[in-house]
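Chain residues, written in single-letter form:
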Amino acid sequence: MAHPSRPGPHGYRGQPDPPIYTALLARWAADGRTLPGRQDPDWSRIVSAPIWPSGPLFGG
């Protein structure tokens, strides 16, 4: 449960996001940053990689 004095997730408690927050998300999206509530493609790529290296340099 979220603390009442802390901001919640997008549209918290059914209220629309303040314009400054919407503008910040638009700016981050334009810069190619990861946004709250959206999948991070870099993180997905990293965690889906094999744990141990393979290939000719690693004997596999």
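None of the values given here were measured: they were computed from a predicted structure.

Trainee: Tell me about the overall build of the chain, and please be specific about residues and values.
Mentor: If you tally the helices and strands in the chain, you get two helices and zero strands. Residue burial in the chain is summarised as follows: out of 60 residues, 7% are buried.

Trainee: Can you tell me about the pattern of salt bridges, naming the residues and giving the values?
Mentor: Taken as a whole and assessed by the stated rule, the structure comprises two salt bridges. With a shortest N-O distance of 3.5 Å, R27 and D31 are connected by a salt bridge. Residue R27 is classed as exposed on the basis of its relative accessible area, which comes to 55%. Measuring nitrogen to oxygen at the nearest pair gives 4.0 Å for the salt bridge that ties R45 to D42. In this pair, R45 and D42 are both assigned in helix α2 (residues 41-48), three residues apart and thus about one turn of the helix distant. The exposure class of R45 is exposed, given its relative accessible area of 55%. Relative accessible area serves as the criterion here: at 46%, D42 is assigned to the partly exposed category.

Cut-offs and rules
Residue positions within a chain follow its written sequence, with the count starting from 1. It should be noted that, the model being predicted, local features are given only for residues of pLDDT at least 70 and side-chain atom pairs only at 80 or more, the latter also being counted only at that level, while totals for whole chains, interfaces and linings use all residues. Side-chain descriptors were evaluated using all non-hydrogen atoms of the structure, hydrogens and water having been removed beforehand. Numbering of helices and strands runs from the N terminus, with a helix taken as a DSSP run of H or I at least four residues long and a strand as a DSSP run of E at least two residues long. Burial status follows relative accessibility: with a 1.4 Å probe on protein chains alone, a residue under 20% of its type maximum counts as buried, one over 50% as exposed, and anything between as partly exposed. Counted as salt bridges are all cases of a side-chain nitrogen of Lys or Arg within 4 Å of a carboxyl oxygen of Asp or Glu.

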